[in-house]
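# Understanding the architecture of this molecule
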Amino acid sequence: MFLKTSFTTLIVGVFVVYVLHTCWVMYGIVYTKPCDNPKDANCITPFLAGNPKLQLSIYTVLRPNAEGGHTLIYKEDQFDVDSKFERVINVSLPKKTRNNGTLYALIFVHQADADPWQDPRQVHLTAQLTTYMVPKPPEISLISGKDQMQGPGEAHKRTRRDGNPTAGGGAAVSDHPTSHWRSRLTFNVVGDRFLFDRQHLPGDVHRYLRVFQNGKKVVYLPLLFIDELSNRVKDLVEINSTSAELPLTISYDSISLGRLRFWIHMQDAVYSLQQFGFTEKDADEIKGIFVDTNLYFLALTFFVAAFHLLFDFLAFKNDISFWKQKKSMVGMSSKAVLWRCFSTIVIFLYLLDEQTSLLVLIPAGVGSIIEVWKVKKALKIQVSWKSGKPSFLFGKMDESERRTEEYDTLAMKYLSYLLYPLCIGGAMYALIFLRYKSWYSWLINSLVNGVYAFGFLFMLPQLFVNFKLKSVAHLPWKAFMYKAFNTFIDDVFAFVITMPTSHRLACFRDDVVFLVYLYQRWLYPVDKTRVNEYGVSYDEKPKGKTHKD
């Protein structure tokens with residue numbers, strides 16, 4: 001018991017140190033030490049302090065470092081860095097771009113009425129307007145056979161690389177990466193008239209800093225920043241040889257220095273993940289965490305997610321310890337264990353079919369393996385290999401286990417009257433009215449929808465078994481409590497974040513079942529000073545001989 005407590009204490013201590021270290025790092029990112037004395041030679045003053053008249057010019061080029069061949073696509077004559085605007089323009093695509101090529105945008109912030117290519121007081125950055133990814137296949141109605149275009153290029157008819165429409169209305173899609181159009185271009189300029197101290201200049205800002213000498217003063221030009229985190233997969237449009245023009249949404253807003261530094265670090269982190277092999281879709285899911293969430297709420301989300309991770313680990317640890325020592329299934333619903341294994345595998349296959357990020361897919365796969373191991377323990381299955389072939393031996397149940405199994409079977413019989421019609425009806429509705437890429441996708445989606453919608457019903461047999469046996473001593477209460485904490489956290493976020501009513505109900509339905517568990521624990525108290533009627537003590541360690549008071 002001492003070793004277990006020490007290990008848990010060590011994990012909690014590491015967690016606290018990690019949270020404090022993260023807070024310190026985040027403070028160092030968002031806080032920049034200003035120059036105390038503006039007349040000091042170490043001060044770098046802002047060019048914007050003189051309220052200069054500025055102009056915004058955006059060009060397209062085939063190569064980022066090309067000196068010629070640029071085309072002006074947008075100009076803002078009276079550019080106010082403190083303003084905010086969004087413009088939608090049509091951009092003509094060169095022939096090379098239409099033939100699976102690339103295109104870049106050059107964004108200039110320069111003095112008004114001056115040629116940006118000749119202005120010594122201009123700043124510019126290059127943004128990539130195209131990217132390469134595998135086109136998403138169309139989703140097909142399995143009844144009518146008609147397809148529905150979704151994902152990148154939804155507003156445009158899908159064609160082959162030779163420009164001719166694909167057979168079957170676009171069902172044939174290349175499995176090779178093709179050029180896609182980024183329909184949004186988001187950039188910012190720091191609106192703060194911040195005085196930098198040369199001796200405390202942040203390294204992340206240094207790469208964006210352009211300075212010039214003005215007498216005895218060192219002046220820095222406007223800090224221009226291209227927001228790559230706003231480039232989402234949902235905004236991509238597939239380019240083909242018939243795409244002469246495509247729309248481009250130009251979005252601008254001023255940004256604070258602290259937010260700029262935070263955004264720079266986040267973009268570097270996403271870029272590093274892509275260098276390690278993460279796909280465009282994996283990176284897109286990470287981008288959505290930052291782009292679709294308020295910055296202050298994002299900070300709150302970090303702390304909540306950290307506690308969520310801690311409770312997940314503690315629940316995992318106690319659940320494994322409980323099942324590792326489990327010798328008897330008295331009082332445990334084997335149907336609930338089997339359902340948990342089935343639902344976890346279905347969710348993993350669904351995530352695999354949707355090509356979900358590895359950050360989600362790997363934990364789901366590990367969880368599926370653990371649930372299979374729990375089924376092996378619950379059914380007392382022994383695997384042996386003879387002549388290269390596996391053979392399975394099932395352990396026998398004693399009288400108490402058979403009585404529990406009878407209650408469990410009776411509960412599932414009552415539950416099936418409600419469950420089967422709902423699942424079959426949901427699958428038929430999806431088959432008739434919804435569209436999927438294949439029959440496999442329809443099957444997996446129907447199963448996973450059943451898991452999400454009716455999964456809580458499979459918690460009810462355990463409640464029925466507890467009621468019939470008038471005991472809860474057989475349950476892993478430590479793991480239950482940690483899982484309940486995570487459920488309560490999910491409930492809070494279900495109300496804070498705008499979510500559909502069905503999702504909120506899904507978050508709260510598990511709480512209702514857990515509250516019934518707590519009521520049963522109060523109704524059938526556990527005596528901590530003795531071995532209970534199932535041969536298990538309060539610390540969940542099996543004893544050699546069972547007895548009752």
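In this report, the structure presented in the accompanying data block is examined. The shown structure was predicted, so the numbers you read here are calculated from the model rather than taken from an experiment.

### Overview of the overall build of the protein
Helix and strand counts for the protein come out as 13 helices and 19 strands. Taking the contacts inside the protein whose residues are at least 6 apart along the sequence as the reference set, 75% of them involve residues at least 24 apart. When the accessible surface of the protein is summed, it comes to about 30,500 Å², and 61% of that surface belongs to carbon and sulfur atoms.

### Focus on empty space enclosed by the protein
It is a probe the size of a water molecule, rolled over the atoms, that shows where empty space is left. Counted under the stated rule, the structure contains four cavities of 30 Å³ or more. The computed volume of the largest cavity comes to approximately 50 Å³. Sorting the residues of the lining of the largest cavity by element identifies β6 (123–128) and β11 (184–190) as the ones contributing at least two each. Of all the elements, β11 adds the most residues to the lining of the largest cavity, at three residues. Here the residues of the lining of the largest cavity sort into four nonpolar, three polar and four charged.

### Quick word on the pairing of strand β14 (residues 217–220)
When strand β1 (residues 43–46) meets β14, the two strands line up parallel, connected through three bridges. In the sheet register, Thr45 faces β14, and the bridge partner there is Val219. Pairing geometry for strand β13 (residues 211–214) and β14, over four bridges, is antiparallel. Residue pairing across strands places Gln213 opposite Val218, the latter belonging to β14. The antiparallel pairing of β13 with β14 creates a hairpin that spans two residues between the two strands, and Gly215 there sits at a positive phi of about 70 degrees.

### Structural notes on the state of the cysteines
By the definition in use, this model includes one disulfide. Here Cys35 engages in a disulfide with Cys43; their sulfurs sit 1.5 Å apart. As the torsion about the S-S bond is roughly -70 degrees, the Cys35-Cys43 disulfide counts as left-handed. Take Cys35 and Cys43: they sit in the same class, and that class is buried.

### What to know about the environment of Tyr252
Take Tyr252: it is sitting in strand β17 (residues 245–255). Within the local environment of Tyr252, its side chain forms a polar contact with the backbone oxygen of Val81, the two atoms lying 2.5 Å apart.

What counts, and at which threshold
Residues numbered from 1 in each chain as written. Predicted model: local features only at pLDDT ≥ 70, side-chain atom pairs only at ≥ 80, totals over all residues. Heavy atoms only, no water. Helix = DSSP H or I, 4+ residues; strand = E, 2+ residues; numbered from the N terminus. Contact = heavy atoms within 4.5 Å. Areas by Shrake-Rupley, 256 points an atom, 1.4 Å probe, with all protein chains shown as cover. 1 Å grid on protein atoms, 1.4 Å probe; cavity = no way out; pocket = protein on both sides within 12 Å on 5 of 7 lines; lining within 4 Å. Points joined across faces, edges and corners; volume = space filled by probe spheres on them. Nonpolar A, V, L, I, M, F, W, Y, C, P; charged D, E, K, R; others polar. Pairing = 2+ DSSP bridges. Disulfide = S-S within 2.5 Å. Buried < 20%, exposed > 50% of the residue type's maximum accessible area, 1.4 Å probe, protein only. Polar contact = N/O pair within 3.5 Å; in protein donor to acceptor, adjacent residues only side chain to side chain.

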